[in-house]
Each structure stands twice: as C-alpha cells, then as structure tokens.
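Tertiary structure, described
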Amino acid sequence: MAKIVRLDPIGQETSVPTNDNLLSALLKNELKVLHECGGRGMCATCHIFIKDGMEHLSPMSRRERRTLGVITTCKLNSRLACQSKVMGEGVVVELPTGMYLSDVSDIDSLIGRRAEENILHPIDGRVLVEAGKLITRSMISQLEETRSDVSTHLANSQLV
C-alpha cells in the first residue's frame with residue numbers, strides 16, 4: 001500500500017509504495033538528486049533532511065550512520081534518501097540548500113557565471129562555490145579531486 005510523502009522543496013505530495021525509498025520519490029518528481037554510489041548508502045549525494053515523520057521511516061543502518069558522519073552539513077534530522085524506506089504516512093522531506101555536481105562537463109559549462117545556488121562537495125557536503133560567487137576554472141581541478149575522492153571512498157566502502 002502506498003504512503004503519501006510531502007516534498008517541501010516543490011511544495012507537493014507524492015505517493016510512495018510502502019517499503020520503497022525516498023530517493024525513488026524524489027527522482028519520480030524530477031528533482032535533481034544525485035546518487036553517485038547507485039543507492040548503496042556510500043556517498044552523500046542523496047543527503048536530505050526529514051522535517052517531520054522520522055518515525056515513519058526505516059531505522060538507520062550502520063553504513064548510513066557512517067556516511068552521514070562525514071557530511072559537514074549533517075543534522076539530527078539528516079538521512080540518505082536511498083536508505084530511507086517509507087513505512088508510514090506523514091513524512092516531510094527537505095533537500096539541502098545547494099546542488100551537487102558530479103561531472104567536469106557540468107562545471108565546464110558554468111565557468112564565468114555566478115553560481116545560482118551553493119555548489120556542494122559530493123562526499124562531505126561542504127560548499128565548493130557559494131551562491132552568487134563567480135565559478136572559475138580552478139573549480140574544475142577541485143571537482144577532479146572530488147571525483148577521485150568519491151572513487152576512493154566507494155572502493156574503500158565496498159571492502160568493508
């Protein structure tokens with residue numbers, strides 16, 4: 001049986017099958033949420049905040065707790081959308097302010113423009129470029145380092 005989840009970033013409600021994760025609901029509603037690790041709970045790109053209804057989600061796994069532990073923007077109501085299975089009604093989701101970029105070509109097309117929103121690091125959530133700041137070529141090298149960090153992090157996580 002489906003449960004209704006409220007997506008605050010777009011101010012609408014959506015139906016999520018019981019025991020399905022929040023990532024599927026976000027993607028179904030065309031929200032740009034990355035999932036670099038393929039929904040295995042090993043990266044931070046699907047980090048979300050639960051504004052209400054945390055008790056209606058599956059319990060947090062050790063892997064999710066470990067991944068959330070490295071996110072600088074983590075709060076008590078943080079979850080990974082890929083790991084949060086909907087068990088009951090009344091869940092309200094909020095996305096972190098900013099956007100994750102995962103590809104150099106994404107940033108390449110933005111060089112010389114001002115960031116419309118914060119650009120976030122995909123592993124720890126720190127702000128790489130603040131909203132309103134000029135995006136420079138040096139961002140490409142930071143993103144390439146980030147891509148290497150993500151690959152290393154995923155490889156190490158798979159060994160555990």
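Structure's up top.
A short tour of the structure in this document, coming up. Values in this document were obtained by computation on a predicted structure and should not be read as measured data.

Quick notes on the rules
Residues numbered from 1 in each chain as written. Predicted model: local features only at pLDDT ≥ 70, side-chain atom pairs only at ≥ 80, totals over all residues. Heavy atoms only, no water. Core = buried A, V, L, I, M, F, W, Y, C linked by side-chain atoms within 4.5 Å. Buried < 20%, exposed > 50% of the residue type's maximum accessible area, 1.4 Å probe, protein only. Helix = DSSP H or I, 4+ residues; strand = E, 2+ residues; numbered from the N terminus. Contact = heavy atoms within 4.5 Å. Pairing = 2+ DSSP bridges. Axes fitted to C-alpha atoms, helices over the stretch in contact; angles between N-to-C directions. Patch = residues over 30% accessible without salt bridge, like charges linked within 9 Å, V, L, I, M, F, W, Y side chains within 5 Å. Areas by Shrake-Rupley, 256 points an atom, 1.4 Å probe, with all protein chains shown as cover. Salt bridge = Lys/Arg side-chain N within 4 Å of Asp/Glu carboxyl O. Lys, Arg positive; Asp, Glu negative; His and termini not counted. Charge placed at Lys NZ, Arg CZ, Asp CG, Glu CD.

What tends to happen in soluble globular proteins is that the nonpolar side chains get buried as a cluster. In this structure, Val5, Leu22, Leu26 and Val93 are the most contacted members of the largest nonpolar core, which totals 22 residues. Of all the elements in the fold, those that place two or more residues in this core are strand E1 (2-7), helix H1 (22-28), strand E3 (47-52) and strand E5 (91-94). With 4 residues, H1 is the single largest residue contributor to this core. Those residues in contact with Leu22 that sit more than four places away from it in its chain are Val5, Ile48, Ile50, Leu57, Ala81, Ser84, Val86, Val91 and Val93. Membership of the second largest hydrophobic core comes to 5 residues, among which are Leu110, Ile119, Val129 and Ile135.

Moving on to the side chain of Thr67. Here Thr67 shows up in helix H2 (residues 62-68). Looking at Thr67, the relative accessible area reads 6%, which means it is buried. Residues in contact with Thr67, not counting those within four places in the same chain, are Gly41, Met42, Cys43, Ala44 and Leu80.

Here we take up the sheet that holds E1. For sheets, the rule is that strands pair by backbone hydrogen bonds, running either parallel or antiparallel. Taken together, the 5 strands give an open sheet; going across it, the order is E2-E1-E5-E3-E4, and neighbouring strands pair in mixed fashion. Lying at the two open borders of the sheet, with one neighbouring strand each, are strand E2 (12-17) and strand E4 (78-80). Strand-to-strand twist in this sheet, taken as the mean axis angle between neighbours without regard to direction, amounts to 40°. Across 3 bridges, E3 lies against E5 in antiparallel orientation. Looking at the pairing, Ile50 lines up with Val93 of E5.

The next thing to look at is the pairing of E3. Relative to E4, E3 is paired through 3 bridges, and the arrangement is antiparallel. Its bridge partner lying in E4, Phe49 is registered against Ser78.

What follows deals with a positive patch on the surface. On the surface, a cluster of positive charge is contributed by Arg40, Arg62, Arg63 and Arg66. Residue placement: Arg63 occurs in helix H2. Of the residues examined, Arg63 reaches a relative accessible area of 31% and is grouped as partly exposed.

This brings us to unusual backbone geometry. Even without a glycine there, the phi angle at Asn19 is positive, about 80°. Structurally, Asn19 can be placed in the loop between E2 and H1. Residue class for Asn19 comes out partly exposed when judged on its relative accessible area of 45%.

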